[in-house]
Structure formats: C-alpha cells, structure tokens
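# Topology and contacts: notes
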Amino acid sequence: MRIKKEIRLTLFKLVVALVGAVGFAYAAGAETQNLLNVSYDPTRELYRDINAAFIPEYKAKAATDLTIKQSHGGSGSQARAVVDGLEADVVTLAIPSDVDQIAKAGLLDKDWRKRLPNDGSAYNSTIVFVVRKGNPKNVHDWPDLVREGIEIITPNPKTSGNGQLSLWAAWGSVTQRGGSEAEAARFVTQLYKQVPVLDAGARGSTTTFVQKGIGDVHLTWENEAYLEVQEAEGSVEIVYPPISILATPPLAWVDANVKRHGTEAAARAYLEFLYTPKAQEIIAKHHYRPTEPAALARFQAGLPKIELFPITALGKDWSDAKDRFFGEGKIFDSIYKPK
Amino acid sequence: MSDSTSGRRPLAPRGEAARSLTPPLADARPAAVRPESAADAAPLRVGAGTKSRRGAEDPAIVRWTLIALAFLAMTILVVIPLANVFYEAFAKGVGTYWDNLYNDPDTLSAIFMTLKVAPMAVALNVVFGFAAAWAIARFRFPGRALLTSLIDLPFAVSPVVAGLLFVLLFGLQGLFGQWLREVDVKIIFAWPGLVLATTFVTFPIVARELIPLMEATGSDEEVAAVSLGARWWQLLSRVTLPNVKWGILYGVILCNARAMGEFGAVAVVSGRITGQTDTMPLRVEKLFQEYNLPGAFAVASVLTLLALITLVIKVTLEWRTRRELEEASRLRTLRSEA
C-alpha cells in the first residue's frame, strides 16, 4: 500500500513541477505592445506602404515609436477573430457590416461611421474580371459568365468580403438593368454552379487562379486584379464589366482594445492619416479608388469609368443586404449547393 | 497486494520481461528494420535462412523490376519534391536566399516562434505523456480504458477542430474569455495558444510510445527500489526513466517533427499576426500568397532541413537501441548457458 502511494505521489509531484515551470515561462515571456491592424486579404501590400509612411510621421508629431503589426484574412473571419478576442487596435475590413458585427459584440462604438469622414472609408473599390491572356473565352460582361464551359473563381461569401461583393455585383448586374429578382436568382444560381472551389479569402482565390491555374474568370477586387496581372507577368489580363458594385471598405478603431492598450491616440491618428494627400496617393498607386475629391481628380485617368451601383440598390444598407443574402438559410444558402 | 502492484505480469521471470521488451520497441521502427532486429534479438533464427533462399529463387527480372519501381516511386514522391524545395529557394542566388531568411524580421520571428513553440509542446507532452503512460501501465483504476482511448482522441480529431476547440474555450466569447481578459492573460491569438494547440494535436505520440514499453518492463524494479527506501526522485532518475529512456527519446523526436510542421490547428488560434504569431508553416503560406516564392521556399527549406536533422537523429537512435538489444540478448544467452 505504502509503495503504491509513493509511486502515485511521484506522479503528482511531477505534474505540479511541470505546471509551475510553464507558469514561470509565461510570466517571463510577456508580450510587447504594438498597434495591431486587422485587415482583409488583399490589403497586405497597401498597408505595408502606409505603415512605412505613417511611422516616421507619427514619431515626428507625437514623439512615439510605433510598431504596426498586420493580420490579413477573409473579412468575415477576421471580424469573427476580433469578436473572439484578437486584440485589434484598428480594423480595416472589406464590408461595413463586418465592423457592425464587432460593434454588436460591444467592442466598438455603434456610431463608428460618424467618427471618420465619408462614413469611415478612405478608399473605395469594386469587383472586376480577371481572365487568361488574350481573353480566350471572350468574356466582357456579366451574362458571358454563365455560358457553358466557363469556370469561375471567387472566394466564399460566408467568410470573405470579396465573395459577398462578387455575388452582389452579379445580382445587381441583372436588377440594375431592369431584370427581376427571380431572374437575378436564376443567374447567380447558374454562376455558382460554375465555381469549382470557394476559397476562404481573396488572396486564396488569387493563388487558385494564378498559381494553380484553375478557372477561366476570376471575380476579384479591382486592386487585387492589378496586382495579380503584375505578379502573373502577363499571363492574365483585366476585363472591366460595364457595371459593378461600389465597395466602401470601412475603417474603425476598436474602443475596447485601444482603451486596454492605451493606444487610442495612435489608432485614431493612424486612420486619420489615410485621408491625407500623402496616403491617398499611396492608396491610388495600389489601385484603390481614393475618396478625397482632390486625390480622386488627380488619379481619375488611371481608373476606367464604369457604372458603380451602391449597396442601397440591394438593401437598406450593408448589414441589411448581408442579412438578406448571407444570413442562415437566406439567398446564398438556397442557391448554393456545395459539391 | 503485490500482484496488483506489479501490473500485468506479476511473476514474470527476469528473462521473460526482457524478451518481451522487443516487440513494442520493434513496432516503433520502420518495417524494413523490424524483421532483421527481431531475428537478432531472438535466440531462434528460423525464418532468416529460408526467406533469403526463397528470395534468390525469384526470377531476376521480377526482382529488378520491383526494385526499380520502388526507386522510381521514391524519386518522384520524395527526392524530387525535396530537391525542388532547395532548388527554388536558391533560384535567385545565395544572396537572395540569405536575405529572405535573415533580413526579413517577420520570417526570423516565425522561425523563432517555431523554435519556441515546438520544444514547449514537446516538453509538455513528455511530462504528461510519461505520467499518462505510467498511470495506465502501472495502475488499475476506474476510467482506465476511457483514459487510454482519450489519449488517442487527438489523432482522430481534425487539427482545425482542435484549434476551434481552444477558440471556443479561451476566446472572448468563450467559457473563460471574459475572466482571462480581466486577469490580462492572453491564450489564443498569442503564443500560449500556439503551444496548447500544438500540444493537443501531438499528445498521443509520446504516450503511445511509452505505454507498451512500460507494460513490457513491468514494475518489479520499481517495487524493489521503493521497498529498499528509494525516494521519489531516486525512483524516477535511477529506475523508471532509465528503463524507458529510448522510448522517450524516440517519442520526443517524432513529436518534435510533428510539432514543427503543424499547420491547421495553429492557423486557427494564431490570429495571423505577421511577425508575432506566425510559425514557420504559417509563414510559408503567407509568403506564397504574397507572391514571394523564393522567400516561401527559403523558409520551407529551413523546415525541410530541420526534418532531415530529425531523421538523422532518429536513425542514430535506432541503431543504438538495436545494439543495446543485441547486447542484452547476448548476455541472456550467456546466462542461460551458464
């Protein structure tokens, strides 16, 4: 009996010692503090340049050394991560309703749109087509997409802003030209039948289209399309459809987190910086559409004029449209059957 | 009382216990090694001679075709992809390779993160795996069968689900989320989460390695040690650990290899913060997605290199274990002859 107890005691002491060691290691390895920008997928290159421009400027102005860390992924899953405790100081997501999700969890002010100019957007964008070089399938407009034998690449609307915008753009291309909702539903149902794979985020879809060579048409962000053409070294090209959706990627600082980190001033200055001429120029260079009139006028030439319809064409606002199209059991669930 | 203390083989003579040590150890080794070492360890050499004679009877063409096929498969599936990793990594020159690794702080941070997370996960697994193996091999208790199957559970659960599990537990909306935030402890979206997720998916490795070994060695020596007055640390360091040291080492190596390469579970709990919560596999994907192919392959080459080092250590260990077994069986034969 004593012997067994002794052995059992040994086991116990071992476990206690281990837990102690881990606790010690945790205490010794405390995190350093930075500004964390949680963003959507294709903005990696944009914010790399924005950060490089902002850090010295902020140091001169506020005498503070900043390190800005980035996190990128599908807009919806990024918002979900912030709700789950990813300590973003600022979020720069794809769809305003994703910021509303974070507000709903109580982490930021419900009136975040009023805190920054232009409803909290410093750049707009839209959805365009990327096709193989020479446009072999002769795709020019939305109806061309559902011709037989055309494979379409676009990310999953449940996790990605790009994915939602693609579906909305396709839907609106019917209803804005006088088609009925039933016709629009038929059109997108057929369209998603021709999608062989739904990636979680915009960049994943780009990899599928360019590096893996799957699909004939890639429905993607305008800015992502330019980067894609550049990186694919001429093996793909952009096609502008005559009509598409106006995307207004939202910016907000996350109140609950900046208060904890003591980074409210820096987070605010960071987002306000995006509206300055210097940042607007970087934004335009990365093929986003600047929202400040002066910058827009300057870079207008580089942005083909196509008809961009606002989200209000499809719902009361972004959250309402999202709910109508992508809520549990709503339009997307009824038209998309996973293969 | 003494019956139950000594576990499954209470009265096994010393020689029996030592011989039964062979199967579990041999099981852990690749199939190619096994028959040979089993034949070496066992005093009876029945199969060896007949097998080689039958091999010689096969027509040469069959033998050579099979050998060629095996080589072809190995070349296509293993050698070429591996060589390609290094080829792509160095495609733009050694300078670029070095730049991609050393002058990219985000990549460096990912390398250090892996070198920090993997050993911690391995350490946790060694201690918990050892404790679990000991409990299962030495004691009968209610729920023992349940514990045995629970240990295997992480192999059955998808790594992504494992990651989500921790998000649901420690996330802000999770069970302990609010409390963790109040005491300001970060688990998910920080390195402790990475360690937890990695530990979870690699948990069975060490325990699985140790349970059969400890069951085979039996507890006679431990009982003797304790009855002779050994304290708990003496029991551990002089008797129990030396008996299973090769099993532990082997488990450590396998566990480490798996821990460094883990992707799914850590991807879920990492929060994708570049330069902060990226491990090497996550960094490879990120670089690939950012069109930096040489960079992605450079990090991949470091991972591959670490895997190759692991392989060398594993082979060395196997060789040493085999020698020890041969030694033991030789001594046994001598003893039985005397």
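On a predicted model such as this, the values are computed, not experimentally measured, just so you know.

### As for the overall build of chain B
- When helices and strands are tallied, chain B shows 17 helices and 0 strands.
- Expressed as a percentage of its 338 residues, the buried residues of chain B come to 44%.
- Considering only contacts in chain B between residues 6 or more positions apart, those separated by 24 or more positions represent 75%.
- Accessible surface, chain B as shown: approximately 17,600 Å² in total, 68% of it carbon and sulfur.

### What about the packing of aromatic side chains?
- Scanning the model with the defined rule gives 23 aromatic pairs over all chains in all.
- Ring centres 5.1 Å apart and planes at 10 degrees place the aromatic pair B:W98 and B:Y102 in the stacked group. Of this pair, B:W98 and B:Y102 both sit in helix α7 (residues 93-102), 4 residues apart, which is roughly one turn of the helix.
- Within the aromatic cluster, the residues linked to one another by ring pairs are A:W168, A:W171, A:Y192, A:W318, A:F325, A:F326, A:F332 and A:Y336.
- Its end group placed over the ring of A:F209, A:R132 keeps NZ or CZ at 3.9 Å from the ring centre.

### A look at the domain arrangement of chain A
Residues and elements named next belong to chain A.
- What the domain assignment lists for chain A is domain 1 (35-123 + 248-302) and domain 2 (127-246 + 307-335).
- Between the C-alpha centres of domain 1 and domain 2 the distance comes to 25 Å.
- With 22 residues of domain 1 at the interface, the matching set in domain 2 holds 23 residues.
- Interface of domain 1 and domain 2: buried area, both sides summed, is about 1,800 Å²; carbon and sulfur atoms make up 57% of it.
- Our count for the domain 1 to domain 2 interface comes out at 3 salt bridges.

### As for the confidence of the model for chain A
- Per-residue confidence for chain A gives a mean pLDDT of 90, with 94% of residues at or over 70.
- In the model, residues 28-32 of chain A has pLDDT below 50 throughout and makes 5 contacts with residues more than four positions away in sequence or in other chains.

### Here we look at the interface of chain A and chain B
- With 50 residues of chain A at the interface, the matching set in chain B holds 45 residues.
- Carbon and sulfur atoms supply 64% of the area that chain A and chain B bury against each other, a total of about 4,400 Å² over both sides.
- Inspection of the region where chain A meets chain B yields 4 salt bridges.
- One salt bridge in this structure joins A:E87 and B:R181, with 3.2 Å as the shortest N-O distance.
- One can count 18 residue pairs in polar contact (both at pLDDT 80 or more) joining chain A with chain B.
- Elements with a minimum of two residues in the side of chain A that touches chain B: α1 (2-28), α2 (44-62), β2 (68-73), α3 (75-83), α8 (202-211), α9 (222-231) and α10 (255-261) of chain A.
- Looking at the side of chain A that touches chain B element by element, the count peaks at 15 residues for α1(A).

### Comments concerning the side chain of A:D89
- Relative to the helices and strands, A:D89 is located in the loop between α3 and β3 (90-92).
- There is no salt bridge for the buried A:D89, and the closest opposite charge comes from B:K186, which lies 8.3 Å off by N-O distance.
- Of the polar contacts made by the side chain of A:D89, one reaches the backbone nitrogen of A:L36; its length is 2.7 Å.
- Other than its neighbours up to four places away in sequence, A:D89 contacts A:N34, A:L35, A:L36, A:A252, A:W253, A:V254, A:N257, A:V258, A:H261, A:T263 and A:A267.

### Things to note about the sheet that holds β2(A)
All names here are of chain A.
- Pairing within the open sheet is mixed, and its 4 strands lie in the order β2-β1-β3-β10. The open sheet has two free edges, formed respectively by β2 and β10 (251-253), since each of these has just one partner strand. Taking the axes of each pair of neighbouring strands and ignoring which way they run, one obtains an average angle of 20 degrees across the sheet.
- Where strand β1 (residues 35-40) lies against β3, 3 bridges are found, and the strand directions are parallel. Its bridge partner lying in β3, V38 is registered against V91.
- Each of β1, β2, β3 and β10 is contacted by α2, which is oriented at about 165 degrees to β2, the strand it contacts most.

### Observations concerning the sheet that holds strand β6 (residues 152-153) of chain A
All names here are of chain A.
- With mixed pairing, the 4 strands of this open sheet are ordered in space as β6-β7-β5-β8. Sheet topology places β6 and β8 (236-239) at the edges, where each strand pairs with a single neighbour.
- Strand direction decides the pairing type here: strand β5 (residues 127-132) and strand β7 (residues 217-221), joined by 5 bridges, are antiparallel. By the bridge assignment, V131 is partnered in β7 with V217.
- Those strands touched by α8 are β5, β6, β7 and β8, and its axis lies near 150 degrees from that of β7.
- Contacts from α9 reach β5, β7 and β8, with the element oriented near 125 degrees to β7.

### Concerning the pattern of salt bridges
Residues and elements named next belong to chain A.
- Evaluated as defined, the whole model comprises 33 salt bridges over all chains.
- One salt bridge in this structure joins D255 and R115, with 2.9 Å as the shortest N-O distance. In this pair, D255 is assigned in helix α10 and R115 in the loop between α4 (96-104) and α5 (117-120), connecting sequence segments 140 residues apart. Assigned by exposure class, D255 and R115 land together as buried.
- With a closest N to O distance of 2.8 Å, R203 and E224 form a salt bridge.

Conventions used here
- Residues numbered from 1 in each chain as written.
- Chains lettered and ligands numbered in written order.
- Predicted model: local features only at pLDDT ≥ 70, side-chain atom pairs only at ≥ 80, totals over all residues.
- Heavy atoms only, no water.
- Helix = DSSP H or I, 4+ residues; strand = E, 2+ residues; numbered from the N terminus.
- Buried < 20%, exposed > 50% of the residue type's maximum accessible area, 1.4 Å probe, protein only.
- Contact = heavy atoms within 4.5 Å.
- Areas by Shrake-Rupley, 256 points an atom, 1.4 Å probe, with all protein chains shown as cover.
- Phe/Tyr/Trp six-rings, centres within 6.5 Å; stacked < 30°, edge-to-face > 60°.
- Lys NZ or Arg CZ within 6 Å of the ring centre and 35° of its normal.
- Domains from an automatic or database assignment.
- Buried area = accessible area lost by both parts, 1.4 Å probe.
- Salt bridge = Lys/Arg side-chain N within 4 Å of Asp/Glu carboxyl O.
- pLDDT = per-residue confidence, 0-100.
- Polar contact = N/O pair within 3.5 Å; in protein donor to acceptor, adjacent residues only side chain to side chain.
- Lys, Arg positive; Asp, Glu negative; His and termini not counted.
- Pairing = 2+ DSSP bridges.
- Axes fitted to C-alpha atoms, helices over the stretch in contact; angles between N-to-C directions.

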